[in-house]
Amino acid sequence: MLLLRLAAATALLQTVVVAIQPSAQNPLDGQEFRDLEWGDLNFLHTTDQHGWHAGHLEESQYSADLGDYISFISHMRRRAKEKGVDLLVIDTGDRVEGNGLYDASEPKGLYTRRILEPFDVDIITTGNHELYNGTTALHEHTQTIPFFGDRYLSSNIDIDMGNGWEPMANRSLRFQTENLGLDIMAFGFLFNFTGNFKNTRVKPVATVLEEEWFQKAIREPVDLFLVAAHIDVHTLELQQIHDAIRQQNPETPIQIFGGHSHIRDFVEFDSKSTALESGRYCETAGFLSLDGLVPKDEKDTSFVKPKDGAPMKTFRRYLDFNRAGFQHHSNTTEDSFDTDAGLKVSKDIALYRQSLDLNRLIGCAPREYTLSRDPYPSAGNWYSYLGEVLLPKMVVNKTRAEVPRMIFINGGSQRFDIFKRFTYDTTFIVSPFTSRFMYAADIPWEVATRLLGYFNDDASPYSVEMQAKGEHWASASSNQPLPESMMLPVNQIPLARGRQKWRKTIGYTTEDAFGKQGDDVVHQAFQKFDTPKVLQANASFPVGWEAKPPQTVDVVFFDFIAANVADGMNRIVGEKKWKKEDFGYYMSREDTLTKLMLEFVQEEWGKEC
Ligand SMILES: [Zn+2]
Ligand SMILES: [Zn+2]
């Protein structure tokens, strides 16, 4: 099937770009691109891939897979060589968790680790998601890190393999670029993360900056410091890293790549130091170039040093992850784009997806439901649907089915929009956490009705959880992508023959420190709305309850916040009345939200898409 598809792809006319994964949609042609400006030193950057290596099968704008990206990298390396400049490829972590390709295998990540091996990066580092689970961290250390060797950097993470703490990976790397021979010192940092499993430890960034090896490294005479960081570009940790290096090196460029908050972003620390963050989920490849590193008149000599005090030009661009864009920017065509290495990865991904049964249709949604593109509450909002339909129906204890109940879940438990086709893969994408339901029985109405307010306040356990998870899983980041149905039709002035006939899609319209021209495709902006931090669903309420509310209700919640629920209720009544040991499981331990969702879709949604 895939082979046929691949053969068909090469037979097509050059103007048509065909998505490589069997069930993916072709990117729209005729989009208006903003081009790349190459410099002396150029970068491609990805972050927070979270297992989306097959690309977005429901969204044509992000339909490239890792194989396509690998082909793209190889063309970009060739172009750099032709221009006599350098290209470095960076990935800043959170490659795991959040997509069936990673989560559905046993053990998790079995295929992802293989898929990543041909990923031709120069510097790669760790995200928090590589560390939540002890086995994930172990596999990262014993399989992924040895594969990438020196190029894998963890400047502030240690692991205990049973013989005491040792560095998770290489702390730093000094290397020379291939074409210009630029001398580079690179580091790999994770933010001050505390939610890791006990077989790893994350040292606070500020502590590591004081360590002898780091102080020595920043005193080496190099042309550029490179920081690959799984850190939001607006946070203190990055500022600290920048300041520590800058203090020793007033003139040397410091180039930082960030991650973790899942958005496109870019900040300027000083005239020779910026940080780029390149989105999430294989939707974005960041491109950044530095020009003026090398005195132009000396380019042909073997002496290559940055010109002290010379103006250095920084350029950044966010590329939508699809083959049309990759071909445009690498000056290739549908015929010349694919490389053997890229095609092999695409083929492997399709086979792995098949063996994991990820394309299996579970049900068809009555409509699309979004986390933040429709206001909450409204008919197209997924939280509204959960609160009004799914949770009341599915979260039931048979022996207490008639008892009125309030069900609380955190908004962050939901991670992606629902498109019409709900496949086995969708479960991992939308609701990947293992959340079980517990309950507090017969809680007075006056207490229960004040819980939502308590959760929404700062002391909320949900906010603690969200912070630990850190990512903007479901929050209304300024940069949410859009499904196919939201794509705008062909230019709305069909008769304007003389004009450029660009086809516009709704998509990222990023605004950052350099302005509004960063996205590689000129998109129509989209609207976004706030998402609820905590969602309350009511079930089995008696008719006319508004006039005569029940005296007591069951309060149902995720098991991981049991202690906080007790705490909240105690605060509301002003005495220590509850403790978490008082609460039992409301349903069987197998009945996670993810499983209940799967059953609901299977039973309620039908299969006619
Ligand atoms: Zn992430
Ligand atoms: Zn992260």
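Residues numbered from 1 in each chain as written. Chains lettered and ligands numbered in written order. Predicted model: local features only at pLDDT ≥ 70, side-chain atom pairs only at ≥ 80, totals over all residues. Heavy atoms only, no water.

- An unreviewed UniProt entry lists the protein under the name Similar to Uncharacterized protein PB2B2.06c acc. no. Q9HDU9, with Pyronema omphalodes as the source organism.

### So, helix H8 (residues 236-248)
- Compared with the 18 Å implied by 1.5 Å per residue over 13 residues, the 19 Å span of H8 between its first and last C-alpha is a close match.
- Those residues of H8 not exposed but buried are Glu-237, Leu-238, Ile-241, His-242, Ala-244, Ile-245 and Arg-246. (Helix = DSSP H or I, 4+ residues; strand = E, 2+ residues; numbered from the N terminus. Expected span 1.5 Å × (residues − 1). Buried < 20%, exposed > 50% of the residue type's maximum accessible area, 1.4 Å probe, protein only.)

### Re the sheet that holds strand E20 (residues 534-539)
- If you trace the five strands from one edge of the open sheet to the other, you get E20-E17-E21-E19-E22, paired in mixed fashion. Only two strands of the sheet have a single partner each, and these edge strands are E20 and strand E22 (584-585).
- Bridge count between strand E17 (residues 405-410) and E20: six bridges; the pairing is antiparallel. Across the sheet, residue Asn-410 finds its bridge partner in E20, namely Val-534. (Pairing = 2+ DSSP bridges.)

### A short note on the state of the cysteines
- Inspection of the entire model under this criterion finds one disulfide.
- Each sulfur in the disulfide pair Cys-364 and Cys-609 lies 1.7 Å from the other. Around the S-S axis, the bridge from Cys-364 to Cys-609 shows a dihedral of about -90 degrees and counts as left-handed. Of this pair, Cys-364 sits in strand E16 (residues 361-364) while Cys-609 sits in the segment after helix H17 (593-604), placing them 245 residues apart in sequence.
- Residue Cys-609 is classed as exposed on the basis of its relative accessible area, which comes to 55%. (Disulfide = S-S within 2.5 Å.)

### Digging into the pattern of salt bridges
- This model, assessed by the stated rule, comprises 36 salt bridges.
- A salt bridge links Asp-512 to Arg-316, with the nearest nitrogen and oxygen atoms 2.7 Å apart. One end of the pair, Asp-512, is in the loop between helix H15 (461-469) and E20; the other, Arg-316, is in strand E15 (residues 313-320), and 196 residues separate them in sequence.
- Arg-316 gets classed as buried once you look at its relative accessible area, which sits at 4%.
- Beyond isolated ion pairs, a larger network of salt bridges with shared partners links Asp-158, Arg-171, Arg-201, Lys-203 and Glu-211. (Salt bridge = Lys/Arg side-chain N within 4 Å of Asp/Glu carboxyl O.)

### Here we look at the side chain of His-139
- Locating His-139 in the fold gives a position in helix H5 (residues 134-148).
- With near-sequence residues (within four places) excluded, His-139 lies in contact with Pro-107, Arg-113 and Thr-144. (Contact = heavy atoms within 4.5 Å.)

### A short note on the packing of aromatic side chains
- All told, the structure shown has 44 aromatic pairs when counted by the stated rule.
- What links up through ring pairs into an aromatic cluster is the set Tyr-369, Trp-382, Tyr-385, Phe-422, Phe-600 and Trp-605.
- Lying over the aromatic face of Phe-266, Arg-316 brings its terminal NZ or CZ to 5.8 Å of the ring centre.
- One Lys or Arg, Arg-360, reaches over the ring of Tyr-424 and ends 4.9 Å from the middle of that ring. (Phe/Tyr/Trp six-rings, centres within 6.5 Å; stacked < 30°, edge-to-face > 60°. Lys NZ or Arg CZ within 6 Å of the ring centre and 35° of its normal.)

### Topic: unusual backbone geometry
- The omega torsion across Glu-106 and Pro-107 is -5 degrees, close enough to zero to call that bond cis.
- Mapped onto the elements, Pro-107 comes out in the loop between helix H3 (100-103) and helix H4 (110-116).
- The step from Tyr-376 to Pro-377 runs through a cis peptide bond, and the omega angle for that step is 0 degrees.
- Tracing the backbone through its elements, the reader meets Pro-377 in the loop between E16 and helix H11 (382-394).
- Positioned with a positive phi, Cys-282 is a non-glycine residue whose angle comes to about 50 degrees.
- Among the structural elements, Cys-282 can be located in the loop between strand E13 (273-278) and strand E14 (284-291).
- Despite not being glycine, Ser-540 has its phi angle at roughly 55 degrees, a positive value.
- Take Ser-540: it is sitting in the loop between E20 and strand E21 (552-558).

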